[in-house]
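Structural description and commentary
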Amino acid sequence: MFEANETISKVNEFILLGFAVVWQVEIVFFAVLLVVYLLTVMGNVVIITATWVDHRLHSPMYFFLCNLSFLDAMVATAIAPKMMRDFLSTKKTISVSGCISQCYFYFFLGTTEFILLAVMSLDRYVAICNPLRYSTIMNVRLTTQLLLVSWVGGFLSVLSPIIIISMLPFCGPNIIDHFFCDIEPLIRLSCADTSLLEMIEFSLSTVVLLSSLMLTVVSYIYIITTILRISSSTGRKKTFSTCASHITVASVFYGSAIFMYIVPNKGFSFGLKKAVTLQTCVITHLLNPFIYTLRNQQVKEVLKDAVSRLSATKRQLKKNSG
């Protein structure tokens, strides 16, 4: 099925077209992407550090948030460094094995993130709809199991398509009209019949996205219903504020992913799809830590206390040295 014609030379590398702009604009893109990437890594590292260091954040919700921040940093790392290198290079190439590896890690980490978002919605459901039983239900064992489900689910759901892609023959052309090795344009470059692979990829994407989305939506229907039953307006506002960050992040993630991988491409230019992909790959992972730190009161308090302690330490060191 995947045997290539022996008279056709085998492709050893792919060319990433990226964005069709002049080199001066590419330099600007490089500078902007560098700043965005550094802020993304630093923002997520701050959340991870705060979660591990401060005992006030030692709860299932922040344990999941810590893993979400790690995934954000890793997804950005899977895409941004190669993009920045291409902005500064006239030879925007990537080896076949490197392309398949980038595709695998992007979708493995991204799929894990979607499952984790569904798990986080389940955690919020238990916390708000069953507050008295929260610590009993969301114990260490269940929290660990849910986290393992997220990681193992992401790993297994992407494994089969990537194994099949690694067996595909690539005979030419070798040009990918994208800024990274997305699965759809990569499959199209194969000189074999990929209809079965495309069906498997579409089916898995649909199952993972819609099942996790369904769990998230159902959880928040129950959550919102419970919030509306709270008699105090202050109580409703406070309870809803604990979920606002997750709702915002989930909406952006699911909306972008459904547009890219489930909605038919007819009627949409590929340039628009690349723009949405760029927003999902880079911008969203920058916004996540800021969304959580700006909207989550407990995280803000922890960070304020950390800054205060750091300032006090600096003043004491300055006083001692003086």
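Our subject is the structure listed above.
This is a predicted model, so every value here is computed, not measured.

The rules behind each value
- Residues numbered from 1 in each chain as written.
- Predicted model: local features only at pLDDT ≥ 70, side-chain atom pairs only at ≥ 80, totals over all residues.
- Heavy atoms only, no water.
- Phe/Tyr/Trp six-rings, centres within 6.5 Å; stacked < 30°, edge-to-face > 60°.
- Helix = DSSP H or I, 4+ residues; strand = E, 2+ residues; numbered from the N terminus.
- Buried < 20%, exposed > 50% of the residue type's maximum accessible area, 1.4 Å probe, protein only.
- Disulfide = S-S within 2.5 Å.
- Pairing = 2+ DSSP bridges.
- Contact = heavy atoms within 4.5 Å.
- Axes fitted to C-alpha atoms, helices over the stretch in contact; angles between N-to-C directions.
- Core = buried A, V, L, I, M, F, W, Y, C linked by side-chain atoms within 4.5 Å.

1. Thoughts on the packing of aromatic side chains
According to the stated counting rule, one finds 14 aromatic pairs in the structure shown. On the basis of an interplanar angle of 65 degrees and a centroid distance of 6.0 Å, the ring pair of F108 and W151 is categorised as edge-to-face. Residue F108 is located in helix 3 (residues 96-129), and its partner W151 is located in helix 5 (residues 140-167); the two are separated by 43 residues in the primary sequence. Relative accessible area serves as the criterion here: at 12%, F108 is assigned to the buried category.

2. Considerations on the environment of G255
Take G255: it is sitting in helix 8 (residues 233-261). By relative accessible area, which is 40% here, G255 ends up partly exposed. In the structure, G255 is positioned 21 residues away from V276 in sequence and 10.0 Å away in space, judged by C-alpha atoms.

3. Some words on the state of the cysteines
Tallied over the entire structure, the rule returns 2 disulfides. Bridging C99 to C181, the disulfide has an S-S length of 2.0 Å. With the S-S dihedral at roughly -120 degrees, the linkage between C99 and C181 falls on the left-handed side. In this pair, C99 sits in helix 3 while C181 sits in the loop between strand 3 (175-176) and helix 6 (183-188), placing the two residues 82 residues apart along the sequence. The buried category is assigned to C181, whose relative accessible area is 0%. A sulfur-sulfur separation of 2.0 Å characterises the disulfide bridge that pairs C171 with C191. Note that C171 is positioned in the loop between helix 5 and strand 3 and C191 in the loop between helix 6 and helix 7 (195-228), a separation of 20 residues in sequence.

4. A short note on the sheet that holds strand 3
Backbone hydrogen bonds are what pair the strands of a sheet, in a parallel or an antiparallel way. Here 3 strands make up an open sheet; going across it, the order is 2-1-3 and the pairing mixed. In the strand order of this sheet, the two ends are held by strand 2 (93-95) and strand 3, each with one partner. The pairing of strand 1 (residues 13-16) with strand 2 spans 3 bridges and is classified as antiparallel. Its bridge partner being in strand 2, F14 is matched across the sheet by I94. Each of strand 1, strand 2 and strand 3 is contacted by helix 3, which is oriented at about 90 degrees to strand 2, the strand it contacts most.

5. Re the nonpolar core
As a rule of thumb, soluble globular proteins bury nonpolar side chains together. If you look at the biggest cluster of nonpolar residues, it comprises 75 residues, and the most contacted ones within it are F14, I165 and L186. Here this core gets 17 residues from one element, more than from any other, and that element is helix 3. Non-local contacts of F14, meaning those with residues more than four positions away in its chain, are made with K92, T93, I94, V96, C99, F170, N174, I176, L186 and L189. Core analysis: the second largest hydrophobic core is formed by 5 residues, I128, Y220, I223 and I227 among them.

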